[in-house]
Amino acid sequence: QVQLVESGGGLVQPGGSLGLSCAASGTIFSTYAMGWYRQAPGNQRELVASVGSSGGTNYADSVKGRFTISRDNAKNTVYLQMNSLKPEDTAVYYCNAASWPYNYWGQGTQVTVSS
């Protein structure tokens, strides 16, 4: 059983920065593609950023140039650094680990961007 535990959410002003972490246990972390998704009230869950087992990254157009995803396989942790935050970034952010046919989710962490 894979467990994903997110941390680092909170309240930040527009233009500010916030970093999220997701610690994984119970699996060979390095073999999994890791991703961050978010879901705002009334919206579907959407991909924010992902990093493959080989290190390749992918970003939603809305966060390109502002967010950076990274992984530390030695610490079984994936990170999301969020800069220049906007009110529309407000959502619950979820960590995801995927390696076919397995797909796991964290419990989510709230990010609120507001003045």
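Residues numbered from 1 in each chain as written. Predicted model: local features only at pLDDT ≥ 70, side-chain atom pairs only at ≥ 80, totals over all residues. Heavy atoms only, no water.

**Here's the deal with the overall build of the chain**
Link 1 in the chain: Scanning the chain from terminus to terminus reveals zero helices and 11 strands.
Link 2 in the chain: Ordered by position in the sequence, the α and β elements of the chain form the string β-β-β-β-β-β-β-β-β-β-β.
Link 3 in the chain: Taken over C-alpha atoms, the radius of gyration comes to 13 Å for the chain, in line with the 13 Å a tight globule of 115 residues would show.
Link 4 in the chain: If one aligns the C-alpha atoms of the chain with their principal axes, the spans along those axes are about 40 × 25 × 20 Å.
Link 5 in the chain: Per-residue burial for the chain yields a buried fraction of 39% across its 115 residues.
Link 6 in the chain: Of the contacts formed within the chain by residues at least 6 apart in sequence, a portion of 53% connects residues at least 24 apart.
Link 7 in the chain: When the accessible surface of the chain is split by element, carbon and sulfur atoms take 48% of a total near 6000 Å².
Link 8 in the chain: Side-chain charges of the chain comprise 7 positive and 6 negative groups, with the mean position of each set lying 3 Å from the other. (Helix = DSSP H or I, 4+ residues; strand = E, 2+ residues; numbered from the N terminus. Rg over C-alpha atoms; globule rule 2.2 N^0.38 Å. Buried < 20%, exposed > 50% of the residue type's maximum accessible area, 1.4 Å probe, protein only. Contact = heavy atoms within 4.5 Å. Areas by Shrake-Rupley, 256 points an atom, 1.4 Å probe, with all protein chains shown as cover. Lys, Arg positive; Asp, Glu negative; His and termini not counted. Charge placed at Lys NZ, Arg CZ, Asp CG, Glu CD.)

**Quick look at the side chain of Arg66**
Link 1 in the chain: Mapped onto the secondary structure, Arg66 falls in the loop between strand E6 (57-59) and strand E7 (67-72).
Link 2 in the chain: A polar side-chain atom of Arg66 sits 2.9 Å from the main-chain carbonyl oxygen of Ser84.
Link 3 in the chain: In contact with Arg66, other than residues within four places in its own chain, are Gln81, Met82, Asn83, Ser84, Leu85, Lys86 and Asp89. (Polar contact = N/O pair within 3.5 Å; in protein donor to acceptor, adjacent residues only side chain to side chain.)

**Looking at unusual backbone geometry**
Link 1 in the chain: The omega torsion of the bond from Trp100 to Pro101 falls at 5 degrees, within 30 degrees of zero and hence cis.
Link 2 in the chain: In this structure, Pro101 sits in the loop between strand E9 (91-99) and strand E10 (102-105).
Link 3 in the chain: The backbone phi angle of Asn76 is positive, close to 55 degrees, even though this residue is not glycine.
Link 4 in the chain: By secondary structure assignment, the location of Asn76 is in the loop between E7 and strand E8 (77-82).
Link 5 in the chain: Note on Asn76: relative accessible area 25%, which makes it partly exposed.
Link 6 in the chain: The phi dihedral of Ser84 is positive, around 50 degrees, even though this residue is not glycine.
Link 7 in the chain: Mapped onto the secondary structure, Ser84 falls in the loop between E8 and E9.
Link 8 in the chain: Residue Ser84 is classed as partly exposed on the basis of its relative accessible area of 41%.

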